[in-house]
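Listed below are the residues making up each chain.
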Amino acid sequence: MSLYIAIAYAAQLPLEAHAFRQTQTAITALWFEKTGFRLAYETPVGGAPWAIPFEFPLYQAIVALLGKVFGLSIEVAGRGLSYAFLLACLPVAWRINRRLDLGPAAFLIFVTLLFTSPQYLFWGRSVMIETAALFFALVGIGFFLDYLLGDGRRRDLVAFALAMTLALLQKITTGLPVWVVLGLVAAIFRLRAWRKGAPPRVAELGFIAACFAVPLVVGVGWAQYTDHIKTLNPLGQALTSSALSGWNWGTVVQRLSPEFWIGLVGMRIIVGNLGSLFGLILLACAFVGPTAPRARAAMQAGFAMAVLPLFMFTNLHLVHDYYQTSCLIFLFAVMAVSASQMLARPRRMALALVLVLGAAGTNAVIFLTKQLPLVQMAFGPDDRDVAVARVLARELPGDGTFVAFGNGWSSTFSYLSQRRSFTVPDWFAEFDRSVSTPEAFVGEGTLGAVLTCAPKPTIRQLVAAPPRDGWKIGETAGCDIAVPARSAPDLVTEGDCTGAIEKAVVEDRGGVRTLILSGWTAPVEGAAPEALFVSLEAQGQTPLILDTLRVPDLAANRKLGVNDGVDLGFSRLLPGGIDAGEYRLRLVQLVDGAYRACRFTHRLRVD
């Protein structure tokens, strides 16, 4: 099931869950394809200068490379790479299992629990860095155990330091808890050896300390470097490590809250991923039943690696359900070892099988009912982000930029339209200035659109100053978009065309009388017209010809049997309205450089 899902839905747009984070990862890879790799990489949704780096972009760089070499989309390359890293965890887990001498049953149960877990079935094929960071952490654990339980070869410690460095660079919230637990294990191991009459050598302790220090020093150094780059960006200044400290670590109140113990630990982890009561019993048996000393130590360390992240980065785990990808795998390891120890005892064998199969079956049912519908979602022009992005991609040149409100600072619009933006969150310190002078945040001469998907600011506020005061305004999927308008045609001929002006009213919009026009037109020779105008003609007056914004209209596509990739709808808003009177409205199409007025008309009376 896991492999089928990963392959069958590999091309799904990264919008099914936590689209903010998935598209933020995807847009970095996309810009690597466009501009090449750079340490101060662009997150082109925060305005100019565009660099707002977070994690070291190893995963994103590989995604971009796969896309370029094999001609894959970011979605296919990103989802495929995430799943490949998840699969790569298996040989590493097998190696750890052998080093700890836990037996093949423990590994088989671990694999069963891992690949029936909703967490890994869903997030293991997302466009995210989670499985990459987890893989490097597991590799680090493997080399650490090779050194600790093997021949004490220094090259194993060096390999451990390298793997943990990659884990912390890829995602510090995944690597750091593992680093802490392994440090404690090393200290306890050496202390016990000392008590048994084998005092550690100073040189050996120094080498161990150095190998543990390197990942932390490099991780902290990377964080300081990214903080410096962020301070160069107006939005990035609010996203430095110190600025996000409270957001990352959480509070004591959160750690004691029902949201933590019932919502996160109880519902999301135990019920949602451990198989409910079946998994809880397996965990309990790990600590109350008779077990071999090495197995007990392995379960204790695994439990610590699973629980510590929840208490270290509490707020992040409460807000983001994908964060548990970093730690649930260790709970599955504990459950697998617990079950394997029970299988070794004839009286407990049946109970172990019931608990494992019950946990796996419960998880599979949860995934099929809760996560699978998300995996199967298809995103087209009926989705807000797709609809807005299609308009932006059509209206803006490749190097054009836009400023957006009402979408947090999400990358969805920018990623799908493949255009740089300043997507302004409502907490931005210079919010009012971004409304009055949006061009100041995107680079001189590049602004090609402003849009709002929120009640404030209004689109009228965004086009209040020149040259934006002459831009055309349209709406799609609940968002108002303004872009430069084409000049009205001088010469128009009449012709036959198919279409409709379905809405033509003057009504109050945000306290302002606004003319609202919308409708659709049929494609000409399989393609939508190059441009579409609405002509308002009143007796004795020069016609008012308004350029419209082409937008998706799925009802028209269905009616005409046209594929959803062609936008047949149009929209135009005119704040301030028009003079009172009787108007005859006609569509004017631009086809092959010629303007053609449709013969059908629509009547509008304005009081």
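Please read these numbers as outputs of a predicted model, since none were measured by experiment. One numbering rule holds for all chains: residues counted from 1, following each sequence as written. Reporting in this predicted model follows two pLDDT cut-offs: at least 70 for local features of residues, and 80 or more for side-chain atom pairs to be given and counted; totals over whole chains, interfaces and linings ignore these cut-offs and use all residues. The side-chain figures draw on all heavy atoms in the structure; neither hydrogens nor water molecules are used.

**Description of the packing of aromatic side chains**
Okay, so step 1: Two rings belonging to Phe, Tyr or Trp (six-membered ring only in the last case) form a pair when the distance between their centres is within 6.5 Å. Interplanar angles under 30 degrees mark stacking, angles over 60 mark edge-to-face geometry, and anything in between is tilted. This model, assessed by the stated rule, comprises 29 aromatic pairs.
Okay, so step 2: Plain terms: the ring middles of F160 and F212 are 4.8 Å apart, the flat faces sit at 55° to each other, and that makes the pair tilted. Taken together, the residues F160 in helix α8 (residues 154–170) and F212 in helix α10 (residues 202–230) connect sequence positions 52 residues apart. Both residues of the pair, F160 and F212, belong to the buried class.
Okay, so step 3: Put simply, the rings of F122, W123, Y322 and Y323 touch in pairs and so form one group of aromatic residues.
Okay, so step 4: Two thresholds decide whether a charge sits over a ring: the Lys NZ or Arg CZ must be within 6 Å of the ring centre and within 35 degrees of the ring normal. Of note, K171 hangs over the ring of Y323, and the distance from its end group to the ring centre comes to 4.1 Å. Under the scheme used here, helices are H or I runs from DSSP no shorter than 4 residues and strands are E runs no shorter than 2 residues, and both carry numbers assigned from the N terminus. Burial classes follow relative accessibility: with a 1.4 Å probe on protein chains only, a residue under 20% of its type's maximum area counts as buried, one over 50% as exposed, and anything between as partly exposed.

**Re the state of the cysteines**
Okay, so step 1: Here, the term disulfide refers to a pair of cysteine sulfur atoms separated by no more than 2.5 Å. All told, the structure shown has two disulfides when counted by the stated rule.
Okay, so step 2: A sulfur-sulfur distance of 1.7 Å marks the disulfide that ties C497 to C598. Here C598 lies in strand β14 (residues 594–598) and C497 lies in the loop between β6 (493–495) and β7 (499–509), a separation of 101 residues in the sequence. The same class applies to C497 as to C598, namely buried.
Okay, so step 3: If the cysteines joined by disulfides in the protein are listed in sequence order, their pairing comes out as 1-2, 3-4.

**A closer look at the packing of helix α9 (residues 172–195) against α10**
Okay, so step 1: The axes are straight lines fitted to the C-alpha atoms, using for helices just the contacting stretch, and the angles between their N-to-C directions are given from 0 to 180°. Between α9 and α10, whose axes approach to 11 Å, the crossing angle comes to 170°. In this view, α9 runs roughly antiparallel relative to α10, as classed from their interaxial angle. Judged by residue contacts, L176, W179, L182, G183, A186 and R190 of α9 engage E204, I208, F212, P215 and L216 from α10.
Okay, so step 2: Residue composition of the contact of α9 with α10, grouped by class: eight nonpolar, one polar and two charged. Reported orientations rely on four angle classes, namely roughly parallel under 35 degrees, roughly antiparallel over 145, roughly perpendicular from 65 to 115, and oblique for the rest. In what follows, residue pairs with any heavy atoms lying within 4.5 Å of each other are defined as contacts. Charged means Asp, Glu, Lys or Arg here, nonpolar means Ala, Val, Leu, Ile, Met, Phe, Trp, Tyr, Cys or Pro, and polar covers whatever is left, Gly included.

**Structural notes on the nonpolar core**
Okay, so step 1: Think of a nonpolar core as a cluster: buried Ala, Val, Leu, Ile, Met, Phe, Trp, Tyr and Cys residues, connected wherever their side-chain atoms sit within 4.5 Å. Among the nonpolar cores identified, the biggest contains 139 residues, and L114, I141, L274, F332 and V450 are the most heavily contacted of them.
Okay, so step 2: Sorting elements by how many residues they give to this core places helix α7 (residues 130–149) first, with 12 residues.
Okay, so step 3: With residues up to four places along the chain from it excluded, the contact list for L114 reads L86, L90, Y120, I329 and F332.
Okay, so step 4: Counting residues in hydrophobic clusters, the runner-up holds 19 residues, among them L515, Y583, L587 and C598.

**Comments concerning the side chain of K171**
Okay, so step 1: Note that K171 resides in the loop between α8 and α9.
Okay, so step 2: Classification of K171 by relative accessible area gives buried; the value is 6%.
Okay, so step 3: Whenever two N or O atoms come within 3.5 Å, that pair is a polar contact, provided that in protein one can donate a hydrogen and the other can accept it, and provided that, for residues adjacent in sequence, both atoms are side-chain atoms. Side-chain polar atoms of K171 contact the side chain of E130, separated by 3.1 Å.
Okay, so step 4: Once residues lying within four places of it in the same chain are set aside, the contact partners of K171 are I129, E130, A133, Y322 and Y323.

**Digging into the pairing of strand β12 (residues 569–575)**
Looking along a regular strand, one sees the side chains alternate between the two faces of the sheet.
Okay, so step 1: Counting buried residues in β12 gives six out of seven residues, a clear majority hidden from the surface.
Okay, so step 2: A pair of strands is labelled paired if DSSP reports no fewer than 2 bridges between them. In terms of strand pairing, strand β8 (residues 512–521) meets β12 through seven bridges, oriented antiparallel. Looking at the pairing, T514 lines up with P575 of β12.
Okay, so step 3: Bridge analysis of strand β11 (residues 549–551) against β12 gives three bridges, and the strand direction is antiparallel. In the sheet register, R550 faces β12, and the bridge partner there is F570.

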